[in-house]
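# Tertiary structure, described
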Amino acid sequence: MAVLLGFTSSCISDDLSDCPIPQYIVEISVKDKNYKNIGDFPQLKSKDENAPFHHFEKTIYYTLSESTTRACVKESSVVTVYGEDQTFPIIFDDIPEGEYILTVWGNVTPEYPAGILHQDALEHTDIYMATCTLRLDRSYQTTELSLERTKGMFLLLCSNFPATVTSVGQSINHLYQSVDANFNYTGDTNVEKRVPLESTISTWLAPTSEGPSKLKLIFYTDDAGTTAELPEMDITMKRNEISAVAVDYKKTDGVCEVWMFIQEQWIMIHRLDIQ
């Protein structure tokens, strides 16, 4: 028995060469599961707060850097998320003891560097991010890190359009182009998008950089002709919030009404003669 106790207590001695390599686990969760003001828009369905992690984050990418030199010691590939768990574990088992900075990105793609919110005037994805400082040593305990959304949503509601109107183009400028690990936004860009006309159209957009952003909407007919180009509108995009515009095409009255959701209420900003 004394001999066995000697073996099992070997990792308490000064010589740690035979001790098992510790595993450091960080459980990644999601903080911003629904937009802050989604309750103001019955057209959108709230996501189940208890849904699996992959319902919010399709991919995960992370870097682990030394806290003093900021040198990267570990970098993952862009990993596709599967499973029914509500968190995603990141495990380090070959890292020397010390202090590190972990930065995690959700919903990024391999085509663009992490932190790029809009590239080539494209919408891109609903990007999330979180960062924290970790002290990795033998006293370490599992840490939870919650991802936060970096963009907002632009919601376009369209009603009463004739069947000949088949698509809508939207252009919005003065949006931040990128964000760093400390949620510092930089750059100035615009986003262009043209999609089939539907009653509800959503677009992921970075916050407004130099406010307000300018929004332009163009509605197209099925023969590629322009049926209506609305006056440019001022709009402000915010992180994890929805900004909304509703366009009601009243053919019988010969008018097109444009409404914007401002200070928790719908306000008409244009009433245009379409005859």
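Residues numbered from 1 in each chain as written. Predicted model: local features only at pLDDT ≥ 70, side-chain atom pairs only at ≥ 80, totals over all residues. Heavy atoms only, no water.

### Remarks on a nonpolar patch on the surface
Here is the rule: Within this analysis, patches are made of residues with over 30% relative accessible area and no salt bridge. Like charges are joined at 9 Å or less; nonpolar side chains (Val, Leu, Ile, Met, Phe, Trp, Tyr) at 5 Å or less. Each accessible area value is a Shrake-Rupley result obtained with a 1.4 Å probe; residue values ignore everything except the protein chains displayed when judging cover. Salt bridges are counted wherever a side-chain nitrogen of Lys or Arg sits within 4 Å of a carboxyl oxygen of Asp or Glu. In this description a helix means any DSSP run of H or I spanning at least four residues, a strand means any run of E spanning at least two, and both kinds are numbered starting from the N terminus.
Taken together, the side chains of Ile262, Ile267 and Ile269 present a nonpolar region at the surface, about 190 Å² in accessible area. In this structure, Ile269 sits in strand E20 (residues 265-273).

### Looking at the pairing of strand E8 (residues 143-149)
Worth spelling out the cut-off: At least two bridges found by DSSP between two strands is the condition for calling them paired.
One ladder, built from five bridges, connects strand E1 (residues 24-30) with E8; its direction is parallel. Each bridged residue has a counterpart across the sheet, and for Glu27 the counterpart in E8 is Glu144. Looking at chain direction, strand E7 (residues 128-136) and E8 are connected through two bridges and run antiparallel. From the neighbouring strand, Tyr128 faces E8, where its bridge partner is Arg149.

### What to know about the layout of surface pockets
Applied cut-off: Points on a 1 Å grid, built from protein atoms alone, make a cavity when a 1.4 Å probe fits but cannot get out and make a pocket when they are open with protein on both sides within 12 Å along at least 5 of 7 lines; residues with an atom within 4 Å of a point are the lining residues. Grid points are joined across faces, edges and corners, and a volume is the space filled by probe spheres set on the points. Three classes are used, and their members are as follows: Ala, Val, Leu, Ile, Met, Phe, Trp, Tyr, Cys and Pro are nonpolar, Asp, Glu, Lys and Arg are charged, and the others, Gly among them, are polar.
Considering only enclosed or pocket space, the largest pocket measures out at about 350 Å³ in volume. Contributing to the lining of the largest pocket are 15 residues, with Glu241, Ile242, Phe261, Ile262 and Gln263 lying nearest its centre. At the level of elements, strand E18 (242-250) and strand E19 (255-262) are the ones that each hand at least two residues to the lining of the largest pocket. For the lining of the largest pocket, the per-class residue count stands at six nonpolar, four polar and five charged.

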